[in-house]
Amino acid sequence: MPPAEARDRLIVALDVDSLARAEELVTALAPLVTTFKVGGPLFTAAGPAAVELVRKRGGKVFLDLKYHDIPAAVAGAVRGAARLGVAMLTVHASGGSAMLRAAAEAAGESRAEGRPLVLAVTLLTSLDRRALHRELRIPATEEAQVLHLAQLAREAGCDGCVASPRELQPLRRLLGRDWVVVTPGIRPEAVAGDDQARVASPEAAIAAGADYLVVGRPITAAPDPAKAAAGILEAIR
Ligand code: C5P
């Protein structure tokens, strides 16, 4: 089941390239929001200090490094993330069952900080049907492939997946409520802007079954990030 409080369902993506900018955002937003996403850009620039920054201010971390490697390497990365005290992390479902199982089992070993949720990334939304068929040679529709990979991740013991607004309803129909779904591509006005093509408003994504919303630029690039976050929290409520 999703968290009861709106503040626990909004995840702010700290897609900035310096610790100093991340710190400004966390300082402004920690009173409003529980979880911050640290992804490739910030983690590569600042390393574990980015995770510590959020945790020191009482926040939780969604470490979005999308692990995709042989099972032993992914298990090692998941153990490292658990030691950093992250609450959620991502792996690529296309790494296969053995890799997904290794990730879920490694997360389950963590004691001191609690078990991080292991979330599977199914199909990158930057891949369209043409790329799926011609480049990856996968003869399925995007939706069928997303559902297949989500089910593979669930059978391997993962906790949930990252899914675009478009995939929420079919995923809920297939996997029910007992599967965590985290949804990016959120735009307060539900208009496509920047590079996000499949977008939904916060209200629509919650209604379609998202447990958590990931929001980056509509908050981090706003003139007043706290005000923008407050508006999205109101929409979630
Ligand atoms: O700035 P914006 O709200 O578009 O940020 C969305 C965040 O969600 C980014 O950190 C991006 O990496 C992530 N994401 C996404 N689309 C996906 C998967 C993840 O936008 N399909």
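Structure shown above.
Residues numbered from 1 in each chain as written. Predicted model: local features only at pLDDT ≥ 70, side-chain atom pairs only at ≥ 80, totals over all residues. Heavy atoms only, no water.

J.: Explain unusual backbone geometry to me, using residue names and the numbers behind them.
T.: For Lys 66, which is not glycine, the phi torsion reads 45 degrees and is therefore positive. If you trace the backbone, Lys 66 turns up in strand β3 (residues 60-67). Positive phi outside glycine occurs at Arg 137, with the angle close to 55 degrees. Mapping Arg 137 onto the fold places it in the loop between α6 (129-135) and α7 (142-155). (Helix = DSSP H or I, 4+ residues; strand = E, 2+ residues; numbered from the N terminus.)

J.: Help me get a handle on the side chain of His 92, residues and values and all.
T.: Relative to the helices and strands, His 92 resides in strand β4 (residues 88-92). Among all residues touching His 92, those that are not within four sequence positions of it are Lys 66, Tyr 67, His 68, Met 99, Leu 100, Val 121 and Leu 124. (Contact = heavy atoms within 4.5 Å.)

J.: Outline the pattern of salt bridges, supporting the account with residue identities and numerical values.
T.: Close approach of charged atoms lets side chains of opposite charge pair. Summed over the entire model, instances satisfying the criterion amount to eleven salt bridges. In this structure, the salt-bridge partner of Asp 64 is Lys 66, at a minimum N-O distance of 2.9 Å. By relative accessible area, Asp 64 is classed as buried at 9%. Here Asp 159 makes a salt bridge to Arg 115, at a shortest N to O gap of 2.8 Å. With a gap of 44 residues between them, Asp 159 in the loop between α7 and β6 (160-162) and Arg 115 in the loop between α5 (97-108) and β5 (117-121) connect regions that are remote in the sequence. You can call Arg 115 partly exposed: its relative accessible area is 36%. (Salt bridge = Lys/Arg side-chain N within 4 Å of Asp/Glu carboxyl O. Buried < 20%, exposed > 50% of the residue type's maximum accessible area, 1.4 Å probe, protein only.)

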